[in-house]
Number of protein chains: 2
Amino acid sequence: MNQAIKEYIVSINSVIEQEHFGNNPRELYEPIRYIMSLGGKRMRPLLSLLSYQLYKDSPKEVIPASVAVEIFHNFTLMHDDIMDKAPLRRGQQTVHKKWNDPVAILSGDVMLVKAYQQIIAHCPKDKLTEVLEKFNKCAIEVCEGQQIDMNFEEQEEVHETDYIEMIRLKTAVLLGFSLEFGGILAMDNEADHALLYQMGVNAGIGFQLMDDLLDVYADQAKFGKQVGGDIIANKKTYLLIKAKELASGENSIKLSHWLNAKGFDKDEKVSAVKAIYDDLNIKKLTENKMNQYFEKAFQNLEDIDAPSAKKLVIKDFFNYLINREQ
Amino acid sequence: MNQAIKEYIVSINSVIEQEHFGNNPRELYEPIRYIMSLGGKRMRPLLSLLSYQLYKDSPKEVIPASVAVEIFHNFTLMHDDIMDKAPLRRGQQTVHKKWNDPVAILSGDVMLVKAYQQIIAHCPKDKLTEVLEKFNKCAIEVCEGQQIDMNFEEQEEVHETDYIEMIRLKTAVLLGFSLEFGGILAMDNEADHALLYQMGVNAGIGFQLMDDLLDVYADQAKFGKQVGGDIIANKKTYLLIKAKELASGENSIKLSHWLNAKGFDKDEKVSAVKAIYDDLNIKKLTENKMNQYFEKAFQNLEDIDAPSAKKLVIKDFFNYLINREQ
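Basis of the calculations
- Residues numbered from 1 in each chain as written.
- Chains lettered and ligands numbered in written order.
- Predicted model: local features only at pLDDT ≥ 70, side-chain atom pairs only at ≥ 80, totals over all residues.
- Heavy atoms only, no water.
- Helix = DSSP H or I, 4+ residues; strand = E, 2+ residues; numbered from the N terminus.
- Rg over C-alpha atoms; globule rule 2.2 N^0.38 Å.
- Buried < 20%, exposed > 50% of the residue type's maximum accessible area, 1.4 Å probe, protein only.
- Least-squares fit on C-alpha atoms with pLDDT ≥ 70 in both.
- pLDDT = per-residue confidence, 0-100.
- Contact = heavy atoms within 4.5 Å.
- Polar contact = N/O pair within 3.5 Å; in protein donor to acceptor, adjacent residues only side chain to side chain.
- Salt bridge = Lys/Arg side-chain N within 4 Å of Asp/Glu carboxyl O.
- Buried area = accessible area lost by both parts, 1.4 Å probe.
- Nonpolar A, V, L, I, M, F, W, Y, C, P; charged D, E, K, R; others polar.
- Expected span 1.5 Å × (residues − 1).
- Arc of directions from axis to C-beta.
- 1 Å grid on protein atoms, 1.4 Å probe; cavity = no way out; pocket = protein on both sides within 12 Å on 5 of 7 lines; lining within 4 Å.
- Points joined across faces, edges and corners; volume = space filled by probe spheres on them.
- Phe/Tyr/Trp six-rings, centres within 6.5 Å; stacked < 30°, edge-to-face > 60°.
- Core = buried A, V, L, I, M, F, W, Y, C linked by side-chain atoms within 4.5 Å.
- Disulfide = S-S within 2.5 Å.

## Here's the deal with the overall build of chain A
(1) Moving on: Along the backbone of chain A there are 15 helices and two strands.
(2) Moving on: In terms of C-alpha radius of gyration, chain A reaches 20 Å, essentially the compact-globule figure of 20 Å for 326 residues.
(3) Moving on: Once the C-alpha set of chain A is aligned to its principal axes, its extents read approximately 60 × 50 × 35 Å.
(4) Moving on: Buried residues in chain A amount to 59% of all 326 residues.

## So, the relation of the copies chain A and chain B
(1) Moving on: Mapping chain A onto chain B is achieved by rotating through 180° and translating by 0.0 Å along the same axis, at an RMSD of 0.0 Å. Such a combination of turn and shift is consistent with a two-fold rotation axis.

## Section: the confidence of the model for chain A
(1) Moving on: Residues with a pLDDT of 70 or more make up 99% of chain A, whose mean pLDDT is 96.
(2) Moving on: Among the scores for the predicted complex, ipTM is 0.96 and pTM is 0.97.

## With respect to the environment of Arg90 of chain B
Residue and element names in this part refer to chain B.
(1) Moving on: Relative to the helices and strands, Arg90 resides in the loop between strand E1 (88-89) and strand E2 (92-93).
(2) Moving on: A relative accessible area of 36% means that Arg90 is categorised as partly exposed.
(3) Moving on: Linking Arg90 and Gly40, residues 50 residues apart in sequence, is a C-alpha distance of 7.7 Å.
(4) Moving on: Sequence-distant contacts of Arg90, that is, excluding residues within four places in its chain, are made with Leu38, Gly39, Gly40, His73, Asn74 and Leu77.
(5) Moving on: Within polar-contact distance, the side chain of Arg90 engages the backbone oxygen of Gly39 at 3.2 Å.

## Here's the deal with the pattern of salt bridges
A side chain of one charge can pair with a side chain of the opposite charge when the charged atoms of the two come close.
(1) Moving on: Under the definition given, this model contains 34 salt bridges over all chains.
(2) Moving on: As a salt-bridge pair, Glu70 of chain A and Arg42 of chain A come within 3.0 Å of each other at their nearest N and O atoms. Of this pair, Glu70 of chain A sits in helix H4 (residues 63-83) while Arg42 of chain A sits in the loop between helix H2 (26-36) and helix H3 (43-52), and the two are 28 residues apart along the sequence.
(3) Moving on: We classify Glu70 of chain A as buried; its relative accessible area is 1%.
(4) Moving on: A relative accessible area of 4% places Arg42 of chain A in the buried class.
(5) Moving on: Lys242 of chain B is paired through a salt bridge with Glu160 of chain B; the nearest N and O atoms lie 2.7 Å apart.

## What to know about the interface of chain A and chain B
(1) Moving on: Taken together, the 36 residues of chain A in the interface contact 36 residues of chain B.
(2) Moving on: At the boundary of chain A with chain B, total buried surface from both sides reaches about 3300 Å², with 74% on carbon and sulfur atoms.
(3) Moving on: For the interface between chain A and chain B, the tally reads zero salt bridges.
(4) Moving on: For the pair chain A and chain B, the number of links is six residue pairs in polar contact (both at pLDDT 80 or more).
(5) Moving on: Within the residue set of the side of chain A that touches chain B, elements represented by two or more residues are H2, H4, helix H6 (101-122) and helix H7 (125-154) of chain A.
(6) Moving on: Per-element tally for the side of chain A that touches chain B: the top contributor is H7 of chain A, with 15 residues.
(7) Moving on: In terms of residue class, the side of chain A that touches chain B is made up of 22 nonpolar, eight polar and six charged.

## Observations concerning helix H13 (residues 266-279) of chain A
Residue and element names in this part refer to chain A.
(1) Moving on: With 14 residues, H13 extends 20 Å between its outermost C-alpha atoms, agreeing within 8% with the 20 Å of an ideal straight helix rising 1.5 Å per residue.
(2) Moving on: Those residues of H13 not exposed but buried are Lys269, Val270, Val273, Ile276 and Tyr277. Around the axis of H13, the buried residues are gathered within 130° of arc, so they sit on the same side. The exposed set on the far side of H13, more than 90 degrees from its buried face, consists of Asp267 and Asp279.
(3) Moving on: Check the buried side of H13 and you find it contacts helix H9 (190-217), helix H10 (229-232), helix H11 (238-246), helix H12 (249-260) and helix H14 (282-303).
(4) Moving on: The distance from a side-chain oxygen at the start of H13 to the backbone nitrogen of Asp267 is 3.2 Å, and the residue carrying that oxygen is Asp265.

## Quick word on the side chain of Glu160 of chain A
Residue and element names in this part refer to chain A.
(1) Moving on: Structurally, Glu160 is set in helix H8 (residues 160-186).
(2) Moving on: Among the polar contacts made by the side chain of Glu160, one reaches the side chain of Tyr238 at a distance of 2.9 Å.
(3) Moving on: In this structure Glu160 touches Tyr238, Ile241, Lys242, Glu245 and Lys289, once residues within four positions along its chain are discounted.

## Looking at empty space enclosed by the protein
(1) Moving on: One pass over the full model with this rule turns up three cavities of 30 Å³ or more.
(2) Moving on: Taken as a whole, the largest cavity spans an internal volume of roughly 60 Å³.
(3) Moving on: Every residue along the wall of the largest cavity is listed here: Val216, Asp230, Ile231, Asn234, Lys235, Thr237, Leu240, Leu259, Lys269, Val273 and Tyr277 of chain B.
(4) Moving on: Within the lining of the largest cavity, the residues separate by chemical class into six nonpolar, two polar and three charged.
(5) Moving on: Taken as a whole, the second largest cavity encloses approximately 50 Å³ of empty space.
(6) Moving on: Lining the second largest cavity are Leu106 and Asp109 of chain A together with Phe75, Thr76, His79, Asp80, Met83, Val142, Cys143 and Gln146 of chain B.

## Section: unusual backbone geometry
(1) Moving on: Cis geometry marks the peptide bond from Asn24 of chain A to Pro25 of chain A; its omega dihedral reads 0°.
(2) Moving on: By the secondary structure assignment, Pro25 of chain A is in the loop between helix H1 (3-18) and H2.
(3) Moving on: With a phi close to 55°, Arg42 of chain B is a non-glycine residue in the positive phi region.

## Concerning the packing of aromatic side chains
(1) Moving on: For the structure on display, the rule yields 25 aromatic pairs over all chains.
(2) Moving on: An angle of 85° between the planes, with centres 5.1 Å apart, marks the rings of Tyr116 of chain A and Phe135 of chain A as edge-to-face. Taken together, the residues span a long stretch of sequence, with Tyr116 of chain A in helix H6 and Phe135 of chain A in helix H7 at a distance of 19 residues.
(3) Moving on: Residue Tyr116 of chain A is classed as buried on the basis of its relative accessible area, which comes to 0%.
(4) Moving on: Residues Phe72 of chain B and Phe75 of chain B carry aromatic rings whose centres are separated by 5.5 Å and whose planes lie at 50° to one another, so their mutual orientation is tilted. Remark: Phe75 of chain B and Phe72 of chain B occur in helix H4 (residues 63-83); sequence separation between them is three residues, near one turn of the helix.

## Description of the nonpolar core
(1) Moving on: By size, the foremost hydrophobic cluster in this structure holds 246 residues, and its most contacted members are Phe207 and Phe318 of chain A together with Phe207 and Phe318 of chain B.
(2) Moving on: If we skip the residues at most four places from it in the chain, Phe207 of chain B touches Met43, Leu175, Phe294, Phe318, Leu321 and Ile322 of chain B.

## What to know about the state of the cysteines
All names here are of chain B.
(1) Moving on: Per the counting criterion, the structure on display carries zero disulfides over all chains.
(2) Moving on: Considering cysteine sulfurs only, Cys138 is the nearest to Cys123, which forms no disulfide, with 15 Å between them.
(3) Moving on: On the basis of relative accessible area, Cys123 is assigned to the buried category, the value being 7%.
(4) Moving on: The cysteine Cys143 is free of any disulfide, with Cys138 supplying the nearest cysteine sulfur at 9.6 Å.

## Quick word on the environment of Glu19 of chain A
All names here are of chain A.
(1) Moving on: Here Glu19 is to be found in the loop between H1 and H2.
(2) Moving on: Residue Glu19 is classed as partly exposed on the basis of its relative accessible area, which comes to 29%.
(3) Moving on: For the pair formed by Glu19 and Arg33, sequence separation is 14 residues and the distance between their alpha carbons is 8.3 Å.

## Overview of the side chain of Asp81 of chain B
Residues and elements named next belong to chain B.
(1) Moving on: In this structure, Asp81 sits in helix H4.
(2) Moving on: For Asp81, a relative accessible area of 4% translates into the label buried.
(3) Moving on: Excluding anything up to four places from it in sequence, Asp81 contacts Ala86, Arg89, Thr94 and His96.

See the structure below:
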């Protein structure tokens, strides 16, 4: 990763660490400091800085505003973890496990309000309405995506286009907003605002497809969680959706056997489903889909009216993320 | 209730009914329409209209903006009902019972964003920052109040001043914001904004003390829920807090017996605790406290720089609420 970007992340983290959020009652504010301190790439505020630097020389000046998207993102994680009954987040106990559901609900609610406070405190007044309208739309879409994802668990069949739409809502639009946010703070070119948003959405869909791939094909030594976790849990990822669509004959029977199997050996299931994926060329198909979205994102970047050298910073960063784990 | 106020409520309800909130996924939007259609007095938007009419002749023009506080209020009810495991709300199933916890969490989250959308769409740009800053503060305080209320359940002793502070946060500040909101939309006199807010907070504390009283002393024929419900549940209301503070000798032993009793006869417990309250003059003490807050609220109203005839509308409405159920 390039040195400037490393410095941006350090600065973002230092602003987050200085943010105290509140004191009393401590059951409300300790969970907020806890989840915000669990780390992560700080990808979303970083994207706001990266789009801002396309037009301005001092991207660190938007850090306070950009922290709003990180607070919002962690609000969604806190509430999603309750809904998904997840025990761990970034290797640590989730808030609803460490405390309880009511604390996680209420601390999350406060975080959502804090995200608005952060925007309102650090956004110039003449841009506030536009930023808030776009943030509201994005926030609602993220909730819609989470609900659609939960609905998928109950559905027998999920179509590829519905899946792409779900990940667009659940994860990609927030990357779109984060990039557009930095652009709005930097300048008034609406065409560029739209391109920044589209770039974030396209890259976000690409990154989610990459996550789906990594869950099956990552190097276990480098991967933070269990490789094959999605297969074990029958998670309806792009890979499984394509496999169900394409499998016929023996593959279809075997896939359906493993999807309905109870009390199986985990490694055996992962190997067996992976063999079906290999037979159906699922890895290549997913990579193609993913690369289509990355290409769209790079095309959006190219169309943006900013100096090439500045655009290269974003291109290099995306390429770093794309190549890092493959 | 005066005819103008009845008309305001009809108009507020008609705007709420026309609001569709969203379509897809339906698991997210049906619960919002459901809880918003359960009715209630629409007290909070009504307060915005009542403060607006102090200065302007057409209070109905702030209905769209005022609906934001009703959406916010119902968001808090939806999430509180999950935390309190409440089965019923206004005689109907709560959202988390009718659907499930994840749906109630996520629909509530969307409602909080919708409250912001409603403010941003219907608030003049030059007042937006002020309104949002005050709304954010209020929203956070309401969450703090709910957490403190939950903490009280685990605490052996709660002091009177802590209880008043809890109800100020949990319920009164939103009435304060609702009144101030209408004032901000109508005019720029900051002294009046502050008085409207204070009036709402004082009246809100008074109304909560009235609720505490009614739960014990209401006429069962007129009361919507079981009289004595708070006694049965050992709810730390103002009455119980004062009784614990003042009880000595036999009363103290009896009160502690009933607070620790398992498998009791409900009517017997209600009668017995009521007898202790009567012996300690708790009803009168609570009424005095309540009336102090109502008097403060009326003093705030008197200090406001608006025509007496317009102020009388608010005074009459508060008196109607105060006398209705006693």
